[in-house]
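What the coordinates show
Listed here are the chains, written in short residue letters.
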Amino acid sequence: MSVTSMQGRVAVVTGSSRGIGLAVTRSLVQRGCRVVVSARGSEDLAAVVDELGEDNVEPVVGRIGEPDVRAAILDAAVGRWGGVDFLVNNVGINPVFGPLVEIDLTAAAKILETNILAATHLTQLAACSGLVERRGAVVNVASIAGLVASPGIGMYGVSKSAVLGLTRQFADELSPHVRVNAVAPAAVRTRFAEAMFAGHRGDELAAQYPLARVGEPADVAGPVAFLLSDDAAWITGQTIVIDGGASLRAGN
C-alpha cells in the first residue's frame, strides 16, 4: 500500500512501546512523522527513543486512564512541535476473563475508562491542539470483538463497539476539517494477546483464517498509516476490518 509522505507532520500514538502501537510509530517515523509516544513503563519508552531517535519521538510516561497523563501527552506535542496532525487511539485493556453477567463492575468501569473515555478525552484535547486547524486525522484501534459476540471478553467487546460508535460520531462532528476512522483487527501476535498463542493454540488459530496465519503488528500499522495519510482524503467514519479473512467464515 503506497502512502503519501508525512514529512513534518506530528502524531500522537498511545500505547506505543510495543505491539501495534510500536509498529504504527515505526511506520509513521519512516514516513517522516514526529511522534509523541506514551506507555506506562519508562524503560520501554526509552527503548523506543533509542530505536527511533530523540529527534523523531517524544516520550510521555503514565497510565492513559488518568486525565492528567492524557493532558500531558497533548501538551508534549504542542510544546515540542507546535501541535498535532494525527491521533492514534491504540491503548486497550482487558483485565478480566469470563461471562459478562458475572463481571465485577469495578473492572468493567476500568475497561470503559481506558478503552472508550480515554479515547474520547484525547480526541477532545487533540481538537484543541491543532488537529482542526491542520486538517488532521484520527484512527481508533478497535477490534473484531466490537463487531461480534466475544465469549469471555464481553466487556472488552462492548468497549470496542463503543469505539466504533465514537468513530462515527466524531467523524460527523469534526467534519469537514478532521477525518476519523477505525481499524478492527482480529488476533494479532502481541503481548496483549499472548494467551491466545500459548502452546499449539497459535497454529490452531491460524488454521481458522483463510490467509492461514494470525496477524502481526505490521499488518495493522500499514492500514493505520493509510487512513491517516492524504491518500485517504475522502474517507471518514469508516472501519477497516483486518482479520486475515476470518469474517468470511462467520457462522460456519
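Scroll up a little and you will see the structure.
For the structure given in this document, a descriptive report is provided here. (Residues numbered from 1 in each chain as written. Predicted model: local features only at pLDDT ≥ 70, side-chain atom pairs only at ≥ 80, totals over all residues. Heavy atoms only, no water.)

Another aspect to go through is the overall build of the protein. Secondary structure summary: the protein contains seven helices and seven strands in total. On C-alpha atoms alone, the protein measures out to a radius of gyration of 17 Å, which is about the 18 Å that the 2.2 N^0.38 rule sets for 252 residues. Counting every position in the protein, which comprises 252 residues, the buried fraction comes to 50%. Taking the contacts inside the protein whose residues are at least 6 apart along the sequence as the reference set, 69% of them involve residues at least 24 apart. Each charge class in the protein can be summarised by its mean position, and for the 20 positive and 25 negative side chains these summaries are 3 Å apart. (Helix = DSSP H or I, 4+ residues; strand = E, 2+ residues; numbered from the N terminus. Rg over C-alpha atoms; globule rule 2.2 N^0.38 Å. Buried < 20%, exposed > 50% of the residue type's maximum accessible area, 1.4 Å probe, protein only. Contact = heavy atoms within 4.5 Å. Lys, Arg positive; Asp, Glu negative; His and termini not counted. Charge placed at Lys NZ, Arg CZ, Asp CG, Glu CD.)

Here we take up the pattern of salt bridges. Counting across every chain of the model gives seven salt bridges. Here Glu51 makes a salt bridge to Arg26, at a shortest N to O gap of 2.7 Å. Taken together, the residues Glu51 in helix 2 (residues 42-52) and Arg26 in helix 1 (residues 19-30) connect sequence positions 25 residues apart. For Glu51, a relative accessible area of 43% translates into the label partly exposed. Looking at Arg26, the relative accessible area reads 32%, which means it is partly exposed. The partner of Glu58 in a salt bridge is Arg80, with the nearest N and O atoms 2.7 Å apart. Of the two residues, Glu58 sits in strand 3 (residues 57-61) while Arg80 sits in helix 3 (residues 67-81), which places them 22 residues apart along the sequence. Relative accessible area serves as the criterion here: at 23%, Glu58 is assigned to the partly exposed category. The exposure class of Arg80 is partly exposed, given its relative accessible area of 35%. By sharing partners, the salt bridges in this structure join Arg9, Asp85 and Arg134 into a single network. (Salt bridge = Lys/Arg side-chain N within 4 Å of Asp/Glu carboxyl O.)

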